[in-house]
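Chain by chain, the residues:
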Amino acid sequence: MTPPDQTTEAAAPTYDVDLVPTLLLRAPTPLPPLTGRVSLGTPVVRPLTAAQAAEGDGDWQGFLESQSGQYDYLLLSLVCSFRPTHDGPPFVDAGIGIRLEAPDEPADRQPIAWSISPKKRAVPVSPSAQLKLTAKLMLVEAGVEYAPEQGGREELFVVGMGERDNDPEWRFSATAGTPLVGDESLALIVRVPAGVPARAHITMAATVKQRRLGLIPYRAELPPALRTIDFR
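Throughout, a residue's number is its position along its own chain's written sequence, starting from 1. Local features in this predicted model are restricted to residues of pLDDT 70 or higher, and side-chain atom pairs are both shown and tallied only at a pLDDT of 80 or more, whereas totals for entire chains, interfaces and linings draw on every residue. Heavy atoms throughout the structure, all of them, feed into the side-chain values; hydrogens and water do not.

Caption draft 1: Representation of the overall build of the protein. In this description a helix means any DSSP run of H or I spanning at least four residues, a strand means any run of E spanning at least two, and both kinds are numbered starting from the N terminus. When helices and strands are counted, the protein shows three helices and 15 strands. Relative accessibility decides the category of a residue: with a 1.4 Å probe and only protein chains considered, values under 20% of the type maximum give buried, values over 50% give exposed, and everything between is partly exposed. Relative to its full complement of 232 residues, the protein shows a buried share of 44%. Here the analysis covers contacts within the protein between residues at least 6 apart in sequence; of these, 76% occur between residues at least 24 apart. Entry remark: accessible area of the protein is about 12000 Å², with carbon and sulfur atoms responsible for 51%. By definition in these notes, contact holds between two residues if any of their heavy atoms fall within 4.5 Å. Per-residue and other accessible areas follow the Shrake-Rupley method at a 1.4 Å probe size, with only the shown protein chains counted as cover for residues.

See below:
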């Protein structure tokens, strides 16, 4: 069963993101920011309800009904685009983090990432790849599996982590055969105590490789529409 109301993230406003270099003592002059290399779509948040499951063919209706009054579940999704360049330094790696919080709530009533996607992948996948939900609202990428070669060294393109925690993240790494270029879809199911106001704070960082200075770390300056997302 695909998540309900599968409006594509491409319909959400997309923002170009400026990457600002961290201070480097070995740089003779301050480095300029990188522009036009990364864009992020505005995160889309959809509630998941038993009524929605009942309208489709989902087998997670019973799970949501069992959680009614205790927890709410939300689907958060976004698309990140890494753009190629003919004369600029290539990306070596990048990371996108999401910190979940419910202000003024105790530690045992904070939101968590119930499930994330992707978790592990060796090659890029088109953002059109469909997500499925298992009976307990675990995200599964339809038709995408990770199967390392026997005896071969793992070269992972993306790794997701932080499931069942409040600070999930995805780390992307260019490999010998796969540059860090193209679109990537990210999604997570957020579990929030029923009725509790919650929000997500998004951060992004990247590393590029310059011929003269080597590896240069950058952090993203995100606009307010991307930096903090209110769920309610």
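Caption draft 2: View of the side chain of Thr 207. Locating Thr 207 in the fold gives a position in strand S13 (residues 199-210). Pairs of N or O atoms within 3.5 Å make up the polar contacts considered here, provided that, within protein, one atom can donate a hydrogen while the other can accept it, and that residues adjacent in sequence are counted only when both atoms are side-chain atoms. Polar contacts involving the side chain of Thr 207 include one to the side chain of Asp 93, which spans 2.8 Å. Discounting chain neighbours no more than four positions away, the residues touching Thr 207 are Pro 90, Phe 91, Val 92, Asp 93, Leu 215, Ile 216 and Pro 217.

Caption draft 3: Examining the pattern of salt bridges more closely. Any Lys or Arg side-chain nitrogen found within 4 Å of a carboxyl oxygen on Asp or Glu counts as a salt bridge. This model, assessed by the stated rule, comprises seven salt bridges. The partner of Arg 83 in a salt bridge is Asp 16, and the shortest N-O contact between them spans 2.8 Å. Taken together, the residues span a long stretch of sequence, with Arg 83 in the loop between strand S4 (71-82) and strand S5 (91-101) and Asp 16 in strand S1 (residues 14-21) at a distance of 67 residues. Using a relative accessible area of 30% as the deciding quantity, one classes Arg 83 as partly exposed. A salt bridge links Glu 105 to Arg 109, with the shortest nitrogen-to-oxygen separation between them at 3.1 Å.

Caption draft 4: The arrangement of unusual backbone geometry in detail. Of note, the bond from Ser 117 into Pro 118 is cis; its omega dihedral lies within 30 degrees of zero at -5°. Even without a glycine there, the phi angle at Leu 137 is positive, about 60°. The topology assignment puts Leu 137 in the loop between strand S8 (131-133) and strand S9 (139-141). Classification of Leu 137 by relative accessible area gives buried; the value is 0%. Look at Arg 164: it is not a glycine, yet its phi comes out positive at around 70°. Residue Arg 164 is classed as partly exposed on the basis of its relative accessible area of 42%.

Caption draft 5: Expanded view of the pairing of strand S11 (residues 169-173). On S11, burial follows the alternation: Trp 170 and Phe 172 on one face are buried, whereas Glu 169, Arg 171 and Ser 173 on the facing-out side are not. The criterion for strand pairing is that DSSP finds at least two bridges linking the strands in question. Sheet analysis places S5 next to S11, joined by five bridges and oriented antiparallel. In the sheet register, Ala 94 faces S11, and the bridge partner there is Phe 172. By the bridge criterion, four bridges tie strand S10 (residues 158-161) to S11 in an arrangement that is antiparallel. In the strand pairing of S11, Gly 160 is matched with Trp 170.

Caption draft 6: Structural view of the packing of aromatic side chains. Two aromatic rings, drawn from Phe, Tyr or Trp (for Trp, its six-membered ring), form a pair once their centres lie within 6.5 Å of each other, and the interplanar angle then sorts them: stacked below 30 degrees, edge-to-face above 60, tilted otherwise. Under the defined criterion, the tally for this structure stands at six aromatic pairs. Through pairs of rings, three or more aromatic residues link up here, namely Phe 82, Phe 91, Phe 157 and Phe 172. Lysine NZ or arginine CZ positioned within 6 Å of the ring centre and within 35 degrees of the ring normal marks a charge as sitting over the ring. Geometry around Phe 91 places Arg 37 over its ring, the cationic atom sitting 4.4 Å from the centre. For the cation-ring pair, Arg 191 lies above Tyr 71, with the distance from its terminal atom to the ring centre recorded as 3.9 Å.

Caption draft 7: Representation of the nonpolar core within the structure. Joining through side-chain atoms within 4.5 Å is the link that ties buried Ala, Val, Leu, Ile, Met, Phe, Trp, Tyr and Cys residues into a set, and such a set is a nonpolar core. Counting residues in each nonpolar core, the largest one holds 43 residues, and the members touching the most others are Leu 40, Phe 82, Phe 172, Leu 188 and Phe 231. If sequence neighbours within four positions are ignored, Phe 231 has contacts with Val 45, Leu 74, Leu 76, Leu 100, Val 190, Val 192, Ala 198, Arg 199 and Ala 200. Phe 63, Met 138, Ala 187 and Ile 189 belong to the second-largest nonpolar core, a separate cluster that totals 17 residues.

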